[in-house]
Amino acid sequence: DDLIPIKITSENGETVNPCIQEHNPGFNPCNVAGVKCIIYAEVLNTDISKASAYYLSRQDNKTDKIDVAEGAKIITSGSTDYKNYINVIQLGDGGGFDDDELVEQLKSFVKSFGEYEKYVIIGKIGGSDEENEYLDQAMEDEFGSHYINVRKLLTQRKVEGVSYSDADINNMKSGIIPDCLKKEGYLNGMGYKALGNLVYDKLVSLNLIKK
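Conventions used here
Note on numbering: residues in each chain are counted from 1, in written sequence order. In keeping with the model being predicted, local features are shown solely for residues with a pLDDT of at least 70 and side-chain atom pairs are shown and tallied solely at 80 or more, while totals for entire chains, interfaces and linings include all residues. For the side-chain quantities, the full set of heavy atoms in the structure was used; hydrogens and water were omitted. Aromatic pairs are defined between Phe, Tyr and Trp rings, using the six-membered ring for Trp, whenever the two ring centres lie within 6.5 Å; interplanar angles under 30 degrees are classed as stacked, those over 60 as edge-to-face, and all others as tilted. Each residue is placed in one exposure class: buried if its accessible area under a 1.4 Å probe, protein chains only, is under 20% of its type's maximum, exposed if it is over 50%, and partly exposed if it falls in between. Each helix is a run of H or I in the DSSP string that is no shorter than four residues. Each strand is a run of E no shorter than two, and both are numbered from the N terminus. What a helix should span is 1.5 Å times the count of its residues minus one. Any pair of residues with heavy atoms lying within 4.5 Å of one another is described as a contacting pair. In protein, a polar contact means a hydrogen-donor-capable atom and an acceptor-capable atom, both N or O and within 3.5 Å, with residues adjacent in sequence counting only if both atoms are side-chain atoms; elsewhere, any N or O pair within 3.5 Å suffices. The definition of a nonpolar core used throughout is a set of buried Ala, Val, Leu, Ile, Met, Phe, Trp, Tyr and Cys residues joined through side-chain atoms within 4.5 Å. Basic side-chain nitrogens of Lys or Arg form a salt bridge, by our definition, when they fall within 4 Å of a carboxyl oxygen of Asp or Glu. A pair of strands is considered paired only if DSSP assigns at least 2 bridges between the two. Here an angle of 0 to 180 degrees is reported between the N-to-C directions of two axes, which are lines fitted to C-alpha atoms, with helices fitted over the stretch in contact.

**Focus on the packing of aromatic side chains**
Two measures describe an aromatic ring pair: the distance that separates the ring centres and the angle between the ring planes.
Phase 1: All told, the structure shown has two aromatic pairs when counted by the stated rule.
Phase 2: When the ring of tyrosine 82 is compared with that of tyrosine 85, the centres are 4.9 Å apart and the planes differ by 85°; the resulting orientation is edge-to-face.
Phase 3: Relative accessible area serves as the criterion here: at 33%, tyrosine 82 is assigned to the partly exposed category.
Phase 4: Ring geometry for phenylalanine 113 versus tyrosine 119: centroids 6.1 Å apart, planes at 40°, classification tilted.

The structure is reproduced here in structure tokens:
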């Protein structure tokens, strides 16, 4: 398919850099000016956290020219087709938000689900108890039983089958996820397996799934 260069900003005109992985499948099928399409990013060689360009690929098998007004919204299928699915949301460890902004961003996700309450919020994995005291309370106050404080839960007990060093144990006492469960600032395989179990338990407790 022919790729059409486009420019993307947030709704308030700020620069954004979605879908910047080196190998990415593009935005999930979306709608721009009534046309079904996929949007791809080209990563900036000098800064992998930014995109050098974005391209639109039409998916309607038509070749007629359509004028798209500046400021036209990208409506992703994820924002329209799956509101009644079980939504699992994890946001914040990549940076870009202070604590209040992060809570507001997550609230906007929840608001978009409308009447559906089938969701869980996964908390940040970075930092310590002291560094996250305000955020932890804000998340609990806003999302209640839908919130999974993964950082705290992974520091309150050992994960079966994982070898912990003395440094790992000391980190856990401060509410810091130990290195044995992390890789490059995120979770490693065992860490994500443990997180998966936490999500499963939460979905059961919310009666969203059955054992």
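**Overview of helix H5 (residues 189-205)**
Phase 1: An ideal rise of 1.5 Å per residue puts 24 Å on 17 residues; H5 measures up with 24 Å between its terminal C-alpha atoms.
Phase 2: Here H5 has its buried residues at Gly191, Ala194, Leu195, Leu198, Val199, Lys202, Leu203 and Val204.
Phase 3: Considering only its buried residues, H5 is in contact with strand S6 (87-90), strand S7 (119-122), strand S8 (147-148), helix H3 (150-156) and strand S10 (186-187).
Phase 4: Structurally, the start of H5 carries an N-cap: the backbone nitrogen of methionine 190 is 3.2 Å from a side-chain oxygen of asparagine 188.
Phase 5: One or two residues past the end of H5 sits asparagine 207, with phi positive at roughly 60°.

**Quick notes on the nonpolar core**
Phase 1: Grouped together as the largest cluster of nonpolar side chains are 20 residues, with contacts concentrated most on Val150, Leu154, Val159, Tyr164 and Leu181.
Phase 2: Breaking this core down by element, the ones donating at least two residues are S7, H3 and H5.
Phase 3: Of the residues forming this core, the biggest block, five residues, is contributed by H5.
Phase 4: Not counting chain neighbours up to four residues away, the residues in contact with leucine 154 comprise Val159, Met172, Ile177, Pro178, Leu181, Leu187, Gly191, Ala194 and Leu198.
Phase 5: The next biggest cluster of nonpolar side chains, apart from the first, holds 13 residues, and it includes Leu106, Ala138, Met139 and Phe143.

**Structural notes on the environment of lysine 182**
Phase 1: Along the chain, lysine 182 turns up in strand S9 (residues 182-183).
Phase 2: Under the relative-accessibility criterion, lysine 182 is labelled partly exposed at 26%.
Phase 3: Counting along the chain gives 177 residues from lysine 182 to proline 5, while the straight-line C-alpha distance between them is 38 Å.

**Quick notes on the pattern of salt bridges**
Phase 1: Counted according to the given criterion, the structure contains eight salt bridges.
Phase 2: The salt bridge involving arginine 151 is made with aspartate 129; its shortest N-O contact spans 2.7 Å. Linking arginine 151 in helix H3 with aspartate 129 in the loop between S7 and helix H2 (133-143), this pair joins segments that are 22 residues apart in sequence.
Phase 3: A residue is classified by how much of its surface remains accessible, and aspartate 129, at 29% relative accessible area, is partly exposed.
Phase 4: The salt bridge partner of lysine 152 is aspartate 129, with a shortest N-O separation of 3.4 Å. On the criterion of sequence distance, the pair formed by lysine 152 in helix H3 and aspartate 129 in the loop between S7 and H2 is long-range, its members being 23 residues apart.

**Looking at the sheet that holds strand S4 (residues 47-58)**
Within a sheet, neighbouring strands are paired by backbone hydrogen bonds and run either parallel or antiparallel to one another.
Phase 1: Across the sheet, five strands lie side by side as S1-S4-S3-S2-S5; this open sheet has antiparallel pairing. Of all the strands in the sheet, the pair left with one neighbour each is strand S1 (4-6) and strand S5 (74-76). Ignoring strand direction, the axes of neighbouring strands in this sheet form an average angle of 45°.
Phase 2: Of the pairings in the sheet, the one linking S1 to S4 comprises three bridges and is antiparallel in character.

**A word on the pairing of S4**
Walk down a regular strand and you will see the side chains alternate between the two sheet faces.
Phase 1: As judged from the eight bridges shared by strand S3 (residues 35-44) and S4, these two strands associate in the antiparallel manner. Within the sheet, the bridge partner assigned to glutamate 42 lies in S4 and is alanine 53.
Phase 2: The antiparallel pairing of S3 with S4 creates a hairpin that spans two residues between the two strands.

No statement about biological role is implied by the geometric values presented.
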